[in-house]
Structure formats: structure tokens, C-alpha cells
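Residues per chain, in single letters:
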Amino acid sequence: MKIAFFDTKPYDKPSFDKYGEQHGVEFKYFETKLNEDTAELAHGFDGVCAFVNDTVNAEVIDKLHELGVKVLALRCAGFNNVDMKHAYGKLHVLRVPAYSPYAVAEHTIALLLTSIRRIHKAYIRSKDFNFSLSGLTGFDLHGKTVGVIGTGRIGRVFIDICKGFGMKVLAYDKFPAKEIEDGDRVRYVELDEIFEKSDVISLHCPLTDETHHLIDANALERCKKGVIILNTSRGALVDAEALLAAIKSRKVGAACLDVYEEESDLFFEDNSGHIMEDDTLARLISMPNVIVTSHQAFLTEEALSNIAETTVQNIVDIFERGQCPNELCYRAGNTEDCKSGKCFG
Ligand code: NAI
């Protein structure tokens, strides 16, 4: 099984080589992203392996199909970058539904603590032997209210961590999992209540048409003054310009962003020698109360190993058994992991 691997970074190769060799899957690594111009590179391959910022639109899918590529193995959970409807009947689309919810939830907490305890400021000061504490006053998380939107794998780990800090959790999910409710400590509410009562709001839902710009000017207007916005899910859940305006007006107290709406041409690359063309991102990064990391929440050794192991297993399943439980199935307007093995028409 020969797989063209797009958007390769040095940290991808060791685990993919290890699991690939064990199962007879051969990867050819391309540094370029998959898009309309690069799809041709998949000529002669059985499948392609893509990541979050690769473009898998109708044109790319048609090109891959023409080239005889059978499988699109996503090495991530989210699939908002794939035209699922168009892929139906042309490509088996496989994903890694969970690789380490701990990695993402722990990174979210790392960002929150960094922000509210001003660790990013203190680190730079003490490097310069400036041991002044002025301007570093933070606040306790204990007793504060956190609104968690999306209570799937990552959201639940994040909720457990917040409970450990003694925070009150208000949860919202399109499909609530009532078993996680815990008296006053964790309860499901409507989105309005999350906006009105939360000191911190953290996003852990997928990006869909419904959740696009979930945090927009209107939502921010309804939030408490000083609210902290955490987004380690997908950039377009937040209207970045509305967020910037709310930071400037002091409505938002801080924002921690591991993802950004227009990240695809910027994140994962060293742009330090370039003029930053994206004024919104540049202005956000210039703010003392905004912390941006470049989609690194997943990046732990455990997650990388799990991603490679599951991706290779997915490829083996589909080629050797003709079905894979992690195949995304577009049927009657629904996309879900396939339980029947009949995704392909
Ligand atoms: P999951 O599928 O386990 O949970 C997602 C939850 O969102 C589900 O409970 C679902 O019911 C809920 N949901 C769906 N539509 C919703 C809506 N309209 N409103 C509210 N909730 C809704 O997914 P998981 O593993 O927890 O991942 C969550 C998100 O985290 C992914 O979609 C992905 O975008 C992001 N992610 C980010 C990473 C990073 O490195 N920054 C790494 C991995 C995932």
C-alpha cells in the first residue's frame, strides 16, 4: 500500500515510519500541502494522507479519483476541510476520531493559566532579571464559572480538569450527555446562559455550518465583562474581527487561541522573516491579553504515536478488509463514523 503523505513536518515521520513498516504501508512524504495544484503528486499512489490545513474540495477529490486514488486517510479528528458530500462514492475518507483528548484539554488549561497568572509576561521579565511583580496580578480559578461548548472527548477531559480546580461548569452540547451532570458542579444549560454567566468560555465542538462564528459580536455582547475566551477547537468558531473589537472595547478580558480562522497559510510554518499580511492576527498577537499558539494543542508524543498507529490501522482495514470503523460516512445529510461498512455506495 503506497500512500502520499502531504504537509509533512519532521515530527510526523518517526511514528509513521515505525507503524508503516510494521504493517506494510509505505509512505512517501511531501512537504507541500494537498490542494488543486499539488493533487497530481498522488499519481501512482493507492491513498493520500492529509492533515487539518490540506484542501480537499471537489476539484481535489475529482483529481484524486481520476488518478485512481482510493483512500483519503486524515491524520486528525476534524474533517471540515473535506467536501464530504462530493467524496461520497469516490474516496473512502478515514479519520482518527480520538488520539489524545488529554493533549488538547491540557493545552487549553495551560493557555488559561498562562494568561490569568501572566506567566508569559513573568517569563520574559525574569529572563531580563526584572523581578518586579507590578502588573502581574492574576485571579483564582477556584469558584469561577466556566462555560464549555461541546462535551465530547476533549470537552469532558477539560471539564474534569476544571472540576479539579473547583470551578463551576456550565455545559452546552447539541447532544447532551446527561451522565456527566454533577449537581451544581456540572450542569447543561442553553447557550444564552453560558454567555451570560461564564467567567471563562472554552470551545470544544466541531466546526460545522451551524457552529461557524458561534462566538460573534452578538454572542460577545451577551457575555460578562472581562470574559476569557479559549479556542483550541477550530478557528472559524470565532469571528476574529468581532473578538478583536471586543478586546479593544475591554469587553473580553483575555483570549487564548490555538486556532485561527485564516490559519491555513500561516500556522505550522516559520513566518518570522516575512511581513505579516493578516492585520487582524497581527493586532490580536500585539495585545497583552491575547495568547496565540499555532495549532499545537495535539502535539504530544502520546498523540503523535496514537495518530500514526490509528491511521496505519485504518489504511490496513480498508485495503485488507474492505471496511474500517473510522470511515466517515456521508449519508442522507449526515456524516458519521461508519458502523455498517457500507459507506461506499
Ligand atoms: P467529539 O466528537 O468527541 O466531541 C465534539 C462534541 O461537540 C460532541 O459532543 C458533539 O455532540 C458536540 N457538538 C456537535 N455539534 C455541536 C453544536 N452545534 N453545538 C454544540 N456542540 C456540538 O470531538 P473531540 O475529540 O472532543 O474534538 C473536539 C474538537 O476539537 C474537534 O472537532 C476539533 O475541531 C478540535 N481539535 C483540535 C485539536 C488541536 O490540536 N487544536 C486537536 C484535536 C481536535
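Please read all numbers here as calculations on a predicted model, not as lab measurements.

Peer 1: Mind laying out helix α10 (residues 279–286), listing which residues take part and the relevant values?
Peer 2: Among the residues of α10, those classed as buried are Thr-280, Leu-281 and Leu-284. Down the axis of α10, the buried side of the element spans an arc of 95 degrees, and every buried residue falls inside it. Looking at the buried residues of α10, the elements they touch are α9 (240–248), β11 (252–257) and β12 (290–292). Where α10 starts, the residue carrying a side-chain oxygen 3.1 Å from the main-chain nitrogen of Thr-280 turns out to be Asp-278.

Peer 1: Just give me the short version of the pairing of strand β2 (residues 26–29), but keep the residues and values in it.
Peer 2: Residue alternation in β2 divides its side chains into a buried set, Phe-27 and Tyr-29, and an unburied set, Glu-26 and Lys-28. Both strand β1 (residues 2–5) and β2 contribute to a ladder of 4 bridges, which runs parallel. From the neighbouring strand, Lys-2 faces β2, where its bridge partner is Glu-26. The parallel pair β1 and β2 is bridged by helix α1 (residues 13–23), and the resulting crossover is right-handed.

Peer 1: Please give an account of the domain arrangement of the protein chain that cites residues and values.
Peer 2: Assigned domains of the protein chain: these are domain 1 (2–99 + 301–340) and domain 2 (101–292). Taking only C-alpha atoms into account, the centre of domain 1 sits 30 Å from that of domain 2. Between domain 1 and domain 2, the contact holds 14 residues from the first and 9 residues from the second. Carbon and sulfur atoms make up 51% of the area that domain 1 and domain 2 hide from each other, which totals about 970 Å². Summed over the shared surface of domain 1 and domain 2, the result is 2 salt bridges. The salt bridge partner of Glu-269 is Lys-33, with a shortest N-O separation of 3.8 Å. Residues belonging to the side of domain 1 that touches domain 2 are distributed by class as follows: 7 nonpolar, 3 polar and 4 charged.

Criteria and cut-off values
- Residues numbered from 1 in each chain as written.
- Predicted model: local features only at pLDDT ≥ 70, side-chain atom pairs only at ≥ 80, totals over all residues.
- Heavy atoms only, no water.
- Buried < 20%, exposed > 50% of the residue type's maximum accessible area, 1.4 Å probe, protein only.
- Helix = DSSP H or I, 4+ residues; strand = E, 2+ residues; numbered from the N terminus.
- Arc of directions from axis to C-beta.
- Contact = heavy atoms within 4.5 Å.
- Polar contact = N/O pair within 3.5 Å; in protein donor to acceptor, adjacent residues only side chain to side chain.
- Pairing = 2+ DSSP bridges.
- Right-handed = clockwise from strand over helix to strand, strands pointing away.
- Domains from an automatic or database assignment.
- Buried area = accessible area lost by both parts, 1.4 Å probe.
- Salt bridge = Lys/Arg side-chain N within 4 Å of Asp/Glu carboxyl O.
- Nonpolar A, V, L, I, M, F, W, Y, C, P; charged D, E, K, R; others polar.

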